[in-house]
Amino acid sequence: MEPTENVLEIKDLVKDFPGVRAVDNVSFDIKRKTIHCLVGENGAGKSTLIKILTGAYTRTSGKILLNGEEFDPHSTRDSKQKGISTLFQELNVVDQLTVEENLTLGMEDTTLGFLRKTDKINKMVGVLNSIEPSINPKQLVSSLSVAKKQMVEIAKAVAAECDIIIMDEPTAAISESEIARLFTIIKGLRDNNVTVIYISHRLDEIFEIGDYVTVMRDGKHIDTKPVSQVHDRSELIKLMIGKTVFEQYTPRESDCSEPILLANHLTNNRLNDISFEVRAGEIVGFYGLVGAGKTELARAIYGADAYEGEIFFKGKKLKNDPEYAIAAGITLVPEERRSQGLFTILTIRSNVPVMNMGKISRNGFINEAMERNVALEYVDKLKIATNSIEKEAAKLSGGNQQKVVLSKCLFADADLLMLDEPTRGIDVGAKSEIYSIIRKLSSEGKTIIIFSSELPEVMNICDSIYLLYDGSLKSTLRNSCEIDSEKILHIVTGGE
Amino acid sequence: MEAKKDRKPILGSRLSDESFITLFMVGVLILVFSFASLFVRNFFTIQNVINLITNNWFVIIIGIGVTFLLITGHFDMSVGGVIALTGVLSVYFSQGVNVSSNPLANGLGLPYVVALILTLVCAMGIGGLNAFFVTRLRVPSIIVTLGTAMLARGAAQVITQGAQRNTSLPEGFGVLGSLGIPGTTIRLSLMIMIALILLSFFFEKRMIYARRVYLIGANPVAARLSGINVGKYVTSLYIISALLAGITGILLASEYNAGMANRAVGYEFDALVIALLGGVSIAGGFGSVLGMFVGALILSVVTSAATGLLLSPDWQFILKAVVTFIAIMVQRYALDRRKG
């Protein structure tokens, strides 16, 4: 069969989730033997598209042609058999097995259930050797660095004779020299007839290895063109953010009161010497892309993760203990509301007061009437849509769950409220409700820090914006009408 | 405001599913009890009903600690071993010094009260050891507590040279175990059990401490981020559980006037089974001491009725196995409902 020029043709692809169109009429082609980069902000629809290609999601409508043939995978196994392999950020290797065992995992040759040494293993090892000779096949995978684990996965994909290898942020967790090595390997793959779909937030990398680049925004396909025809990174950034009109918010004049929160040289395995201060009554936004260290910073301030350096709140040094932070007047709405914020098997009534149970009890005993009243008060105040406070938190929608988590934190009566991705995965209506709650709190004199990977979000509600990239604080801006979103995106994608 | 119309009964207020499971198991209890009363001679008598409870006081007391730990998502398989060790220690500490050429007759000669206090301290030490491994070193609790169970029983074996200590006991050693209402089978141990059940029933519904125990079981990560010191709570529960086992060990040693290394073999499994039968979830966050008590009664009715019917006591383990499987199925049902 004559190979088609395009290895993959995507036509009018649509994917709907309840209330959201994640992929909206996307059409573009991927040429054979190229490195095709996919860029866009968080939530642009990249991951959804990839998940459709790997069979994790089924599309709502549209068509995908693989080598000119209709392609409709129903499982990751399905798509692998048709020649698409994926390197996820969470690597798919088994630490407790040797490199060799990992390579043949799932396709071992066996006799009566016992492993047989066959040519397959030799072939696999040969492929690995050509990619990275320094890896010993008998070595345990747990002893390898992240970069070398990636190479094991790449070898596996190559040996399976995949036409397409998708790489999702492969450089997020590896060092500079390892990145260079990885790029050499990726270029080698292209020269051996493999098409690589490369996703990264680091725009410089696209100019380094990309042949083509596709930009997505808000689920839509914006443009696909050869990288050689892209002027510079600011052109890419323009395509990525478009002419989004941000809801106007005029930051209040800061009264320049005393700093309420002061961080000195915070460092841990994900944070790199971060120092900043936050003034009382301010709304501060930490903005950065996935992996920039936002959640890690929030957890460090809250005392949930260990760190070096010092944090002072109202002049008192904070400890490595959330209990202490809450007592001092700090609360956190965590990133993952279901697994970190909510007690999903318990009712709304049981969830709301957990951070301040002293307030609904006397001598260590909970007063049930007070407890009920508190829950009713917050259901009313935050407009939590439920017919009863006895409803299990698990049965609420995402937006209402987030409001329950917010209620928990508000009831703790803290002076500093931190919110990590406060509106992730919730619908537009609930989003704007949460913004107005945040503004109202601020007008009541609370200090608020938002950690977000959505630029419109921080531009919409924050007085100051702090930019994070790769665990470091890169820049501090005052929010205003003249704020330059292109410049911001330039910084958080690693530009100088 | 719609929510204000809500007038759900207090009974189902914390977890409606939990009350449902407890009520369901009460129904099962009534069913098996009626069945036994119909077919077993002399089953439906007041004395027998009292016996059903008194014969199980020890499992129910240790069941309280086991239940609260299960609610946090942790096992305590060391309680049987702790009963054996504390029984032996209470004897050894109080036996006279150099009273005989038989080494098993010589102890430390401490006053009985001091001996008991020291014994309970040792029990709490085992609980602390459990907690240390579970909360600090993050070893799965089932492995840790099976290990400390060996340790405790092993120590009991060494002290008794694999047998028992029952000579040169101080005067009054047997008082605690035999104290009771004359002419009945009601003893101090039973009264302690009833007091503990009432206390836990009262506390588990309304005390902040108990509420936090449920929160930890429901979601340990969220509990920590909500400012609950998870390690502290789990540690205190392991110490309480070991303390309850220690009290049980002392009472049993007093009742039999002997400290035996092979006392209470398998009690930890009985405590686990009755907790599961009573609707306590292995996954944590769900269950109650009241449910555990109902579970204990069901197990007691089933085993005693079967013995009275036709089976020889040899069949006891098979029966317990059957009951355990039923308990697990009820569990499954409870968990499915919870997800539903």
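Residues numbered from 1 in each chain as written. Chains lettered and ligands numbered in written order. Predicted model: local features only at pLDDT ≥ 70, side-chain atom pairs only at ≥ 80, totals over all residues.

A short note on the overall build of chain B
The helix and strand inventory of chain B stands at 14 helices and 2 strands. Here the C-alpha atoms of chain B give a radius of gyration of 21 Å, agreeing with the 20 Å that 2.2 N^0.38 yields for 340 residues. Projecting the C-alpha coordinates of chain B onto the three principal axes gives extents of approximately 80 × 55 × 35 Å. Within chain B, the fraction of its 340 residues that count as buried is 47%. (Helix = DSSP H or I, 4+ residues; strand = E, 2+ residues; numbered from the N terminus. Rg over C-alpha atoms; globule rule 2.2 N^0.38 Å. Buried ≥ 20, exposed ≤ 12 C-beta atoms within 10 Å, placed from the backbone.)

Focus on the overall build of chain A
A tally of regular secondary structure across chain A gives 17 helices and 24 strands. Taking 2.2 N^0.38 as the reference for a compact globule, 496 residues should give roughly 23 Å; the C-alpha atoms of chain A span a radius of gyration of 25 Å, in line with that estimate. Counting only C-alpha atoms, chain A reaches 75 × 60 × 45 Å along its principal axes. Within chain A, the fraction of its 496 residues that count as buried is 44%. Contacts in chain A between residues far apart in sequence, at least 24 positions, make up 68% of those at least 6 positions apart. (Contact = placed C-beta atoms within 7 Å.)

Thoughts on the sheet that holds strand E24 (residues 472–478) of chain A
Residue and element names in this part refer to chain A. Spatial strand order, E18-E21-E22-E15-E23-E24: 6 strands in an open sheet with mixed pairing. Either end of the sheet is taken by a strand with one partner, and the two such strands are strand E18 (330–333) and E24. The mean angle between the axes of side-by-side strands here comes to 20°, regardless of whether they run parallel or antiparallel. Helix-sheet contacts for helix H9 (residues 294–302) involve strand E15 (283–287), E18, strand E21 (416–420), strand E22 (447–452) and strand E23 (464–469), and the interaxial angle to E21 is about 150°. (Pairing = 2+ DSSP bridges. Axes fitted to C-alpha atoms, helices over the stretch in contact; angles between N-to-C directions.)

A short note on the confidence of the model for chain B
Note: predicted coordinates in regions of low pLDDT should not be interpreted at a detailed level. Residue and element names in this part refer to chain B. Averaged over every residue, the pLDDT of chain B is 87; the share at 70 or more is 92%. Here residues 1–15 scores under 50 on pLDDT; set against residues more than four positions off or in separate chains, the count is 20 contacts. The complex model carries a pTM of 0.78, and its ipTM stands at 0.84. (pLDDT = per-residue confidence, 0-100.)

Focus on the interface of chain B and chain A
Listed by partner, the interface residues are 25 residues for chain B and 31 residues for chain A. Partitioned by chemical class, the residues of the side of chain B that touches chain A number 10 nonpolar, 6 polar and 9 charged. (Nonpolar A, V, L, I, M, F, W, Y, C, P; charged D, E, K, R; others polar.)

A few points about the domain arrangement of chain A
All names here are of chain A. By the assigned domains, chain A splits into domain 1 (6–241) and domain 2 (259–492). The C-alpha centroid of domain 2 is placed 35 Å from the C-alpha centroid of domain 1. Contact with domain 1, which involves 12 residues of that partner, is made by 11 residues of domain 2. (Domains from an automatic or database assignment.)

Topic: the nonpolar core
Grouped together as the largest cluster of nonpolar side chains are 232 residues, with contacts concentrated most on Ile165(A), Met418(A) and Ile62(B). Shared between two domains, this core takes at least three residues from each, and those domains are domain 1 (6–241) and domain 2 (259–492) of chain A. Apart from the residues within four sequence positions on either side, Met418(A) is in contact with Ala298(A), Ile301(A), Tyr302(A), Ile330(A), Leu332(A), Val333(A) and Ile449(A). (Core = buried A, V, L, I, M, F, W, Y, C linked by C-beta atoms within 7 Å.)

A few points about the environment of Ser100(B)
All names here are of chain B. As for its placement among the helices and strands, Ser100 is situated in the loop between helix H4 (79–94) and helix H5 (112–136). Judged by the 12 C-beta atoms lying within 10 Å of it, Ser100 falls in the exposed class. Residues Ser100 and Ser168, spaced 68 residues apart in sequence, show a C-alpha to C-alpha distance of 8.5 Å. Leave out the neighbours within four places in its chain, and Ser100 touches Ala105, Asn106 and Ser168.

Concerning the sheet that holds strand E5 (residues 69–70) of chain A
By definition, the strands of a sheet pair up through backbone hydrogen bonds, in either a parallel or an antiparallel sense. Residues and elements named next belong to chain A. If you walk across this open sheet you meet the 4 strands as E2-E1-E4-E5, and the pairing is antiparallel. Every interior strand has two partners, whereas the edge strands, strand E2 (20–31) and E5, have only one. Here 2 bridges tie strand E4 (residues 61–66) to E5, and the two strands are oriented antiparallel to one another. In the sheet register, Leu66 faces E5, and the bridge partner there is Glu69. Helix H1 (residues 46–53) contacts strand E1 (6–17) and E2 of the sheet and is inclined by roughly 65° relative to E2.

What about helix H6 (residues 176–191) of chain A?
With 16 residues, H6(A) extends 23 Å between its outermost C-alpha atoms, agreeing within 8% with the 22 Å of an ideal straight helix rising 1.5 Å per residue. At the exit of H6(A) stands Asn193(A), carrying a positive phi of roughly 75°. (Expected span 1.5 Å × (residues − 1).)

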